[in-house]
Structures are given as C-alpha cells and as structure tokens.
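Chain by chain, the residues:
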Amino acid sequence: QVQLVESGGGLVQAGGSLRLSCAASGGTFSTYTIAWFRQAPGKERESVGRIRWRGGIYHADSLKGRFTISRDNAKNTVFLQMNSLKPEDTAVYYCAAANRAAAWDPKEYPYWGQGTQVTISS
C-alpha cells in the first residue's frame with residue numbers, strides 16, 4: 001500500500017522560507033506523479049504543482065518563482081521549497097500520488113498524505 005508522509009510545516013514570518021518533504025513508501029514510483037496541494041480555511045483544495053518521478057516538473061502559474069518542486073529518487077522523497085512566503089500562503093499542505101500522468105485535479109490522485117500545517121505571520 002502506498003503511503004505518503006509530509007513534514008516540514010510550521011510557523012514562519014512573511015518573507016521567510018520553508019521546505020516541505022513528502023516521503024513515499026510502499027510502491028515503485030517510476031511511473032508515478034507526485035503532486036503538492038494546499039487548502040486554506042474555507043477554500044477549495046488548490047494544486048501547487050507536480051513532478052513525474054523521473055522528471056517533468058510543473059508549477060501552478062500563480063506560484064512560479066516562489067515555489068519549487070524537486071525530488072530525490074534514492075530516498076523516495078519529493079520536496080516543496082517555498083520562498084518569499086506571504087500570509088495568503090497559510091494552508092494545510094498535502095502531497096498526493098497517482099500511478100499515471102495525472103494533472104491538476106485532486107480527484108486524479110488516489111493516495112494522500114495527512115497534511116502539514118504552514119502558517120505565515122505578517
């Protein structure tokens with residue numbers, strides 16, 4: 001069974017940085033898409049970006065230049081580097097996985113982590 005565990009969330013001041021990690025286990029991921037989503041209170045879950053396990057990285061247009069997705073194949077880990085953080089980035093951040101070339105819709109992803117809270121203070 002595929003399992004995903006996020007870590008790295010916390011409280012940071014506006015303008016600061018965080019790096020989130022998503023550790024994947026329970027499968028072989030050569031054909032997988034791993035994605036980051038976030039959900040703020042009262043809002044819909046929003047796609048942050050995604051990465052094919054062997055490459056092919058895509059970021060939401062609104063976050064390009066501040067958020068960067070990368071991965072370490074040997075460690076089965078995907079990262080989300082978040083820079084120049086703003087209060088509106090406050091949300092629960094989730095990683096998700098699909099054994100296909102999935103895209104922006106969270107319904108395309110059958111596997112989800114538990115989420116990690118990111119809070120940006122002004």
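So, here's what we can say about the structure. (Residues numbered from 1 in each chain as written. Predicted model: local features only at pLDDT ≥ 70, side-chain atom pairs only at ≥ 80, totals over all residues. Heavy atoms only, no water.)

## Thoughts on the overall build of the protein chain
Stated formally: Helix numbers and strand numbers start at the N terminus; a helix is a DSSP run of H or I with at least 4 residues, a strand a run of E with at least 2. Note that the radius of gyration is over C-alpha atoms, with the globule rule given as 2.2 Å times the number of residues to the power 0.38. Here the term buried applies to any residue with accessible area under 20% of the maximum for its type, exposed to any over 50%, and partly exposed to those in between, with areas from a 1.4 Å probe on protein chains only. Contact between two residues is taken to exist if any of their heavy atoms lie within 4.5 Å; hydrogens are not considered. Note on areas: these come from Shrake-Rupley sampling with a 1.4 Å probe, and a residue is covered only by the protein chains present in the view. Charge counting follows a simple rule: Lys and Arg are positive, Asp and Glu are negative, and His as well as the terminal groups are ignored. Taken as the charge centre is NZ of Lys, CZ of Arg, CG of Asp or CD of Glu, depending on the residue.
Along the backbone of the protein chain there are zero helices and 11 strands. In summary, the protein chain has a C-alpha radius of gyration of 13 Å against a globular reference of 14 Å for 122 residues, a match within 12%. C-alpha extents for the protein chain along the principal axes are approximately 40 × 30 × 25 Å. A burial count over the protein chain gives 43% of its 122 residues as buried. Counted over contacts in the protein chain with a minimum sequence separation of 6, partners at least 24 positions apart contribute 56%. Put simply, the protein chain shows about 6,200 Å² of open surface, and 46% of that area lies on carbon and sulfur atoms. Distance between charge centres in the protein chain, computed from 14 positive and 9 negative side chains, equals 6 Å.

## Digging into the nonpolar core
Here is the rule: What we call a nonpolar core is a set of buried Ala, Val, Leu, Ile, Met, Phe, Trp, Tyr and Cys residues that are connected through their side-chain atoms within 4.5 Å.
Core analysis: the biggest nonpolar cluster contains 29 residues, and Ile34, Trp36, Phe67, Val78, Leu80, Met82 and Tyr93 have the highest contact counts within it. For this core, the secondary structure elements donating two or more residues are β3 (18-25), β4 (33-39), β5 (46-52), β7 (67-72), β8 (77-82), β9 (91-98) and β11 (116-121). With near-sequence residues (within four places) excluded, methionine 82 lies in contact with Gly16, Ser17, Leu18, Leu20, Arg66, Phe67, Tyr93 and Val118. One finds Phe37, Ala98, Ala102 and Tyr109 within the second-largest nonpolar core, a separate group that totals six residues.

## Quick notes on the packing of aromatic side chains
We count it as follows: Working definition: rings of Phe, Tyr and Trp (its six-membered ring) pair if their centres are within 6.5 Å, and the pair is stacked with planes under 30 degrees apart, edge-to-face with planes over 60 apart, and tilted otherwise.
Using the criterion set out here, one finds four aromatic pairs in the structure. Pairing phenylalanine 37 with tyrosine 109 gives two aromatic rings, centres 5.4 Å apart and planes at 75 degrees, and the pair type is edge-to-face. Pair noted here: phenylalanine 37 is in strand β4 and tyrosine 109 is in the loop between β9 and β10 (111-112), with a separation of 72 residues, a long-range link. A relative accessible area of 3% places tyrosine 109 in the buried class. On the basis of an interplanar angle of 45 degrees and a centroid distance of 5.1 Å, the ring pair of phenylalanine 37 and tryptophan 112 is categorised as tilted. Taken together, the residues span a long stretch of sequence, with phenylalanine 37 in strand β4 and tryptophan 112 in strand β10 at a distance of 75 residues. On the basis of relative accessible area, tryptophan 112 is assigned to the partly exposed category, the value being 26%.

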